[in-house]
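Spelled out, the chains give:
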Amino acid sequence: MYSHQEASAIREEFWTNLGRYLSPIPSAGGNKLNWINYKTGIKNIHYKMDADKKEAIARIEINGDAEMVAKLYNLFLSLKITFEEYFKTGWNWVEKTTDVHGKIMACIYCSLSAVNIFKKEDWPQLISFFKKNIIAFDSFWTTHKEIFEMHT
């Protein structure tokens, strides 16, 4: 068992290493990105990555008022076949859920189970999972962002 400080330091080390690993990779548009804090450019759409002692999750969170969440989720849904072509793996689509603050949101996510951010021997698997998904999302987003911009 790790103290809160030790756990925080391990998490920070992992995310710093992932950031360094991804840093030289240009975006689909050819720009340099901060991959760890990926910005979609649309305030209601966020790409997030998380890992704990049981799994890793890559997810797209759609938030805002109920009408905006539904509109943006339906836009993603209309592009579902195209979206999944970019990723080559199944993603879970949740039309209505709540965030940690109880606010309505939609979520599109994939996860990798049986990995532990606190085990450095799992880090290559975690890095591979996050790398392939963030690069796929960036490719998708670079091509389709305009569609979402027209509706926000």
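Described below are features of the structure shown in this document. (Residues numbered from 1 in each chain as written. Predicted model: local features only at pLDDT ≥ 70, side-chain atom pairs only at ≥ 80, totals over all residues. Heavy atoms only, no water.)

## Regarding the layout of surface pockets
Of the volumes computed, that of the largest pocket is approximately 160 Å³. Where the lining of the largest pocket is concerned, the elements lending two or more residues are strand E1 (45-51), strand E2 (55-63) and strand E4 (104-113). When residues of the lining of the largest pocket are assigned to their parent elements, the largest contribution, 5 residues, is made by E2. Grouping the amino acids of the lining of the largest pocket by side-chain chemistry returns 5 nonpolar, no polar and 5 charged. (1 Å grid on protein atoms, 1.4 Å probe; cavity = no way out; pocket = protein on both sides within 12 Å on 5 of 7 lines; lining within 4 Å. Points joined across faces, edges and corners; volume = space filled by probe spheres on them. Helix = DSSP H or I, 4+ residues; strand = E, 2+ residues; numbered from the N terminus. Nonpolar A, V, L, I, M, F, W, Y, C, P; charged D, E, K, R; others polar.)

## Quick notes on the nonpolar core
Counting 46 residues, the largest nonpolar core has Ile60, Phe76, Trp91, Phe130 and Phe148 as its most contacted members. Counting only elements with at least two residues in this core, the list comes to helix H1 (4-22), E1, E2, helix H2 (66-78), helix H3 (80-87), E4 and helix H4 (123-149). The element that contributes the greatest number of residues to this core is H4, accounting for 11 residues. Not counting the four nearest positions on each side in its chain, tryptophan 91 is found in contact with Tyr47, Ala58, Arg59, Ile60, Phe83, Glu84, Ile108, Tyr109, Cys110 and Asn133. (Core = buried A, V, L, I, M, F, W, Y, C linked by side-chain atoms within 4.5 Å. Buried < 20%, exposed > 50% of the residue type's maximum accessible area, 1.4 Å probe, protein only. Contact = heavy atoms within 4.5 Å.)

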